[in-house]
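# Residue-level structural notes
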Amino acid sequence: MTTALITGGTAGLGAAFARHLAAEGHDLVLVARDLSRLERVAAMLSERHAVRVRPLAADLSTDEGCEAAAEAAAEVDVLVNNAGISLGKGFPSAGLEGEERLLDLNVRAVLRLTHAAFPEMARRGGGTIVNVSSVAGFGATMPGSTYNATKAWVTSFSESIGLSGRGQGVRVMALCPGFVRTEFHASAEIPTDDIPQWMWLDADAVVEAGMRDLRLGKLISVPSVRYKLIVSAIRHMPLGMLGRITSRMAAISARGQIR
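The notes below deal with the structure included here. These numbers were taken from a predicted model, which means no experiment stands behind them.

### A look at the nonpolar core
Ranked by size, the top nonpolar core spans 43 residues in total, and within it F17, L28 and L30 carry the most contacts. Ranked by residue count, the leading element in this core is helix α1 (residues 12-23), at six residues. If we ignore the near neighbours within four places in the chain, the residues touching L30 are I6, G9, A18, L38, V41, L45, V53, R54, P55 and L56. A72, V76, L105 and A116 belong to the second-largest nonpolar core, a separate cluster that totals 27 residues.

### Overview of α1
A rise of 1.5 Å per residue sets the reference length of α1, with its 12 residues, at 16 Å; its end C-alpha atoms lie 17 Å apart and thus fit the reference within 8%. Summarising burial for α1: nine of the 12 residues are buried, a large majority. The complete set of buried residues in α1 reads L13, G14, A15, A16, F17, A18, H20, L21 and A22.

### Here we look at the packing of helix α3 (residues 63-73) against helix α4 (residues 95-124)
Across the interface, α3 lies against α4 with an axial gap of 8 Å and an inter-helix angle of 30°. Comparing the axis directions of α3 and α4 gives the class roughly parallel. In the packing of α3 onto α4, the handedness of the crossing is right-handed. From α3, D63, C66, E67, A69, A70 and A73 reach across to α4, where they touch A109, R112, L113, A116 and A117. The residue inventory of the contact of α3 with α4, partitioned by class, reads eight nonpolar, no polar and three charged.

### Overview of the pattern of salt bridges
Here the structure, examined in full by the defined rule, presents six salt bridges. Between R52 and D27 there is a salt bridge; the shortest N-O distance is 3.0 Å. You can see R52 sitting in the loop between α2 (35-49) and β3 (53-57) and its partner D27 sitting in strand β2 (residues 27-32), a full 25 residues away along the chain. Its relative accessible area of 61% is what places R52 among the exposed residues. With a relative accessible area of 4%, D27 lands in the buried category. Close ionic contact of E120 with R123 constitutes a salt bridge, the shortest N to O distance being 2.9 Å.

### Side note on the packing of aromatic side chains
For the coordinates displayed, the defined rule picks out two aromatic pairs. Each ring, one from W153 and one from F157, has its centre 4.6 Å from the other, and the planes form 10°; the classification is stacked. With W153 and F157 both in helix α5 (residues 147-165) and four residues apart, the pair spans about one turn of that helix. Where F179 meets W200, the ring centres are 5.5 Å apart and the plane angle is 55°; that geometry is what we call tilted. Of this pair, F179 sits in strand β7 (residues 179-180) while W200 sits in strand β8 (residues 200-201), placing them 21 residues apart in sequence.

Conventions and cut-offs
Residues numbered from 1 in each chain as written. Predicted model: local features only at pLDDT ≥ 70, side-chain atom pairs only at ≥ 80, totals over all residues. Heavy atoms only, no water. Core = buried A, V, L, I, M, F, W, Y, C linked by side-chain atoms within 4.5 Å. Buried < 20%, exposed > 50% of the residue type's maximum accessible area, 1.4 Å probe, protein only. Helix = DSSP H or I, 4+ residues; strand = E, 2+ residues; numbered from the N terminus. Contact = heavy atoms within 4.5 Å. Expected span 1.5 Å × (residues − 1). Axes fitted to C-alpha atoms, helices over the stretch in contact; angles between N-to-C directions. Parallel < 35°, antiparallel > 145°, perpendicular 65-115°, else oblique. Left-handed = near helix turned anticlockwise from the far one by under 90°. Nonpolar A, V, L, I, M, F, W, Y, C, P; charged D, E, K, R; others polar. Salt bridge = Lys/Arg side-chain N within 4 Å of Asp/Glu carboxyl O. Phe/Tyr/Trp six-rings, centres within 6.5 Å; stacked < 30°, edge-to-face > 60°.

Structure, rendered in structure tokens:
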């Protein structure tokens, strides 16, 4: 029996990963801050899929939380670094404390858990790491937002580590969705009323697409054709043109973050 650890495993994409992996027969370690919610989700998944689910209450923006999760990550076969936040404010309106918490959770926690899991997976000759990133990481599409920068790091980090892992039996992939219907925006107090319906993705569908891409050996997964086209445009657009477009998107960026 293999075991998967999922950060932010009680809501949104994390919960979708938990459902998917439990249905495949993986035992789970779910990491989140709310112990009571963790216990409810763990009980439901255990009963529905006949797998063992361990709730691990930890705040990954703290050293103590990261240490506890990293200790567990060193023992699993699958690691999903899903936990992340957005500030809902541009730089420097969010304040230094907020910006540092953003880095702690979106970047440092991903680094520390991957650093704990990767060498142990390589030693055992196999393992899987999925780092949830975002199409926002492919360009400065939201003026004033540092969320993009954290996701750019996650994508680049995953691609680099993934290349080295191929020779050691460790698969690493960055999952880069666009707007997903989760609690993410509400938690950051980001209004979403003006985001067109066609831009929204379903969390379970995103996970299914990501896991297909993982089986195909892809280092980066961008679910849905529409977001593949958007990412291609961002990557190949001249910087001057991208700058003019993003300057017009400043008002939109104040209302929404892509996740």
